[in-house]
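Architecture and fold: a report
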Amino acid sequence: MKTNLLLAALLMATTVCFGQTPARTADEPLHVLYQDGRAAFYAGQFDVAREKLAKVLAVNPNHTQSRAMMAQIEEKLGKDNVMLRKSYEKIIIDKIEFADVELSEAILAVRMKAKAATQDKVIPNIILKTPEIGKKSVSLNLSNMPLSEVLNYLAQVAGVRISYDTSAVLFTSPAG
């Protein structure tokens, strides 16, 4: 009996929060997508937040909190730019290995690896917003990894923020 009441209360809370019963998009319940998107938003991972919150809004376009965060994301990053990241997810880098190199050098190597992986069809446009970012030291050893993940790891190791514009990947300082 207590379990049934708890489940009913949880369902009711979710209904109040989202205005409907929890629907599933892909493999995740709506409230999980929202919480993941919210966490990414407050962590400054705006591309990830945009992707998660877009799924919430596809099911419930009137979800106020998601709409507010999406407006702020668009203000910071511009219109939807998930397409570039999705295209980079399809490019598999066979092996990448750096030991104490500057981020700018690592990015040049990643660009060459991406060019080779796509038979000279794709050379990623990667922009370092300040020269100081390019001087950060990075070490990385990865195999059979999508280009988007290689770039994410580089950003994490360097302690910088990554975002995808419509035609370029931007590496910026964590503050802005």
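Our subject is the structure that appears above.
Overview of the structure. Numbering of residues starts from 1 in each chain and follows the order in which that chain's sequence is written. A pLDDT threshold of at least 70 governs which residues receive local features in this predicted model, and a stricter bar of 80 or more applies before side-chain atom pairs are shown or counted, although totals over entire chains, interfaces and linings include all residues. To obtain the side-chain values, all non-hydrogen atoms of the structure were used and water was disregarded.

Helix numbers and strand numbers start at the N terminus; a helix is a DSSP run of H or I with at least 4 residues, a strand a run of E with at least 2. For the protein chain, the helix and strand inventory stands at eight helices and seven strands. Working definition: with a 1.4 Å probe on protein chains only, accessible area under 20% of the residue-type maximum means buried, over 50% means exposed, and in between means partly exposed. Evaluated residue by residue, the protein chain yields a buried proportion of 38% over its 176 residues.

Right, let's get into the pattern of salt bridges. When a carboxyl oxygen of Asp or Glu is within 4 Å of a side-chain nitrogen of Lys or Arg, the pair counts as a salt bridge. Applying the stated rule across the entire model yields five salt bridges. Of the charged contacts, one joins arginine 85 and glutamate 51 as a salt bridge, the two residues approaching to 2.7 Å between their closest N and O atoms. Taken together, the positions of arginine 85 in helix α5 (residues 82-89) and glutamate 51 in helix α3 (residues 46-59) put the pair 34 residues apart, joining distant regions of the chain. The shortest N-O distance in the salt bridge between lysine 86 and glutamate 51 comes to 3.2 Å. Of this pair, lysine 86 sits in helix α5 while glutamate 51 sits in helix α3, placing them 35 residues apart in sequence. Residue class for lysine 86 comes out partly exposed when judged on its relative accessible area of 33%. Residues joined by salt bridges that share partners form a network here, namely Glu51, Arg85, Lys86 and Glu89.

A separate point is helix α6 (residues 103-117). What a helix should span is 1.5 Å times the count of its residues minus one. With 15 residues, α6 extends 21 Å from end C-alpha to end C-alpha; this agrees with the ideal 21 Å at 1.5 Å per step. Along α6, the residues that are buried comprise Leu103, Ala106, Ile107, Val110 and Ala114. Within α6, the buried residues cover an arc of 100° as seen down the axis, which keeps them to one side. Residues of α6 that are exposed and angled more than 90 degrees away from the buried face: Met112 and Ala116. Where α6 ends, the next residue or the one after it, glutamine 119, has phi of about 50°, a positive value. Throughout, the arc means that of the directions going from the helix axis to the C-beta atoms.

Our focus in this paragraph is unusual backbone geometry. In most cases, non-glycine residues show a negative phi, while peptide bonds are predominantly trans. The phi dihedral of glutamine 119 is positive, around 50°, even though this residue is not glycine. Its place among the elements puts glutamine 119 in the loop between α6 and β4 (126-128). The phi torsion at aspartate 120 lies on the positive side, around 70°, for a residue other than glycine. Judged by relative accessible area, aspartate 120 falls into the exposed class, the value being 54%.

A word on the pairing of strand β7 (residues 169-172). Residue alternation in β7 divides its side chains into two sets, Val169 and Phe171 and Leu170 and Thr172, and both sets are buried. A pair of strands is treated as paired once DSSP finds two or more bridges between them. With three bridges connecting them, β4 and β7 associate as parallel partners. Residue pairing across strands places isoleucine 126 opposite valine 169, the latter belonging to β7. Here strand β6 (residues 161-164) pairs with β7 via four bridges, running antiparallel. Residue pairing across strands places tyrosine 164 opposite valine 169, the latter belonging to β7.

Once that is clear, we can look at the environment of serine 139. One can find serine 139 in strand β5 (residues 137-146). For the pair serine 139 and valine 157, spaced 18 residues apart in sequence, the C-alpha separation works out to 7.4 Å. In this description, contact between two residues means that some pair of their heavy atoms is separated by no more than 4.5 Å. For serine 139, the contacting residues outside a window of four places in its chain are Phe98, Ala99, Asp100 and Val157. Each polar contact in these results corresponds to two N or O atoms within 3.5 Å; when the atoms are within protein, one needs to be able to donate a hydrogen and the other to accept it, and residues that are neighboring in sequence are counted only if both atoms are side-chain atoms. A polar contact is formed between the side chain of serine 139 and the backbone nitrogen of aspartate 100, at a distance of 2.8 Å.

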